[in-house]
Amino acid sequence: MSSPKSDPADQNRLTLDTQSFREAMSRIAAAVHVVTTDGPGGRMGATVSAACSVSDDPASILICLNRQTRMHGAVLENRRFCLNTLSDDHEEISDAFAGRHNLEMPDRFAKGEWTNLATGCPALDSARLSVDCEVHSVTEMGTHSIIVGTVADLRMTGPGKSLLYVRRGYKSLDT
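Note that the structure is a prediction, hence the values are computed from the model and not measured. (Residues numbered from 1 in each chain as written. Predicted model: local features only at pLDDT ≥ 70, side-chain atom pairs only at ≥ 80, totals over all residues. Heavy atoms only, no water.)

Q: So what exactly am I meant to see when it comes to the pattern of salt bridges here?
A: One side chain can pair with another of opposite charge once the charged atoms of both are near each other. A full pass over the atoms with the stated rule returns 7 salt bridges. When the shortest N-O distance is used, the salt bridge between R168 and E23 registers 2.7 Å. Within this pair, whereas R168 is found in the loop between β11 (161-166) and β12 (169-174), its partner E23 is found in helix α1 (residues 18-25), the two being separated by 145 residues in sequence. In this structure R168 comes out as partly exposed when scored by relative accessible area, which is 48%. What makes E23 partly exposed here is its relative accessible area of 26%. Linking D95 and R100 is a salt bridge whose minimum nitrogen-to-oxygen distance equals 2.5 Å. Here the salt bridges share partners, and the residues they tie into one network are E23, R27 and R168. (Salt bridge = Lys/Arg side-chain N within 4 Å of Asp/Glu carboxyl O. Helix = DSSP H or I, 4+ residues; strand = E, 2+ residues; numbered from the N terminus. Buried < 20%, exposed > 50% of the residue type's maximum accessible area, 1.4 Å probe, protein only.)

Right, dumping it as structure tokens:
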């Protein structure tokens, strides 16, 4: 089955401003994750979609966090984080850690069962994937920091449906 070809004549040119850029980025489907941390900076979590692998030697991933958030400060102080990739039945957990219900942090963690991995960060027991990391480097870009972590522990389920976010809504995909 072939997909329809995109005709450049059918595409609209947009003014490069914040609103247009956000709309354009909403078209990129992304896995939904909850990043957690624990340590001197506190036990905290936040929903993120900006995460990807960096290298397999050393095993490393990156996450992007807004520098104005408490989560950003906690990860930098704790020097560790765990990336938990959500299943398609985790919309409530995603919403809770995104702050949509104005829950206090302990109430957000009450939405699931958690086990600490090698660094001491909470890993969601029902996550599709949990990648436990120690902070390797931090690079600032605009409003965010790109945080690279070296992998200390890894947990993964078998095949199933993962939660995606695209065009400001949830979707699922067999992974």
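Q: I'm lost on the sheet that holds strand β6 (residues 80-85) in this one. Help?
A: Whenever strands of a sheet pair, they do so through backbone hydrogen bonds, lying parallel or antiparallel. Spatially, β3-β2-β6-β9-β10-β5-β4 is the arrangement adopted by the 7 strands of the open sheet, whose pairing is antiparallel. Only two strands of the sheet have a single neighbouring strand rather than two, namely β3 (44-48) and β4 (51-56). When the angles between neighbouring strand axes are averaged without regard to direction, this sheet yields 35°. In this sheet, strand β10 (residues 144-156) lies alongside strand β5 (residues 59-66) in antiparallel orientation, the contact comprising 7 bridges. (Pairing = 2+ DSSP bridges. Axes fitted to C-alpha atoms, helices over the stretch in contact; angles between N-to-C directions.)

Q: Just checking my understanding: could you explain the pairing of β12 for this structure?
A: Along any regular strand the residues' side chains alternate between the sheet's two faces. With 6 bridges joining them, β11 and β12 adopt antiparallel strand pairing. Among the inter-strand pairings, Y165 is bridged to a residue of β12, identified as Y170. Adjacent in sequence and paired antiparallel, β11 and β12 are bridged by 2 residues, among which R167 carries a positive phi angle near 50°.

Q: What am I meant to see in unusual backbone geometry here?
A: Trans peptide bonds make up the majority, and among non-glycine residues the majority have a negative phi. Across the junction of D57 and P58, the peptide omega takes the value 0°, indicating a cis bond. Structurally, P58 can be placed in the loop between β4 and β5. In this model, R168 sits at a positive phi of 60°, which is unusual for a non-glycine residue.

Q: Teacher, can you tell me more about the packing of aromatic side chains here?
A: Going through the model one piece at a time under the given rule, you end up with 4 aromatic pairs. On the basis of an interplanar angle of 70° and a centroid distance of 5.0 Å, the ring pair of F109 and W114 is categorised as edge-to-face. For F109, a relative accessible area of 4% corresponds to the buried category. Through a chain of ring-to-ring contacts, three or more aromatic side chains come together here, namely F97, F109 and W114. Against the face of F109 rests R43, its NZ or CZ located 4.0 Å from the ring centre. (Phe/Tyr/Trp six-rings, centres within 6.5 Å; stacked < 30°, edge-to-face > 60°. Lys NZ or Arg CZ within 6 Å of the ring centre and 35° of its normal.)

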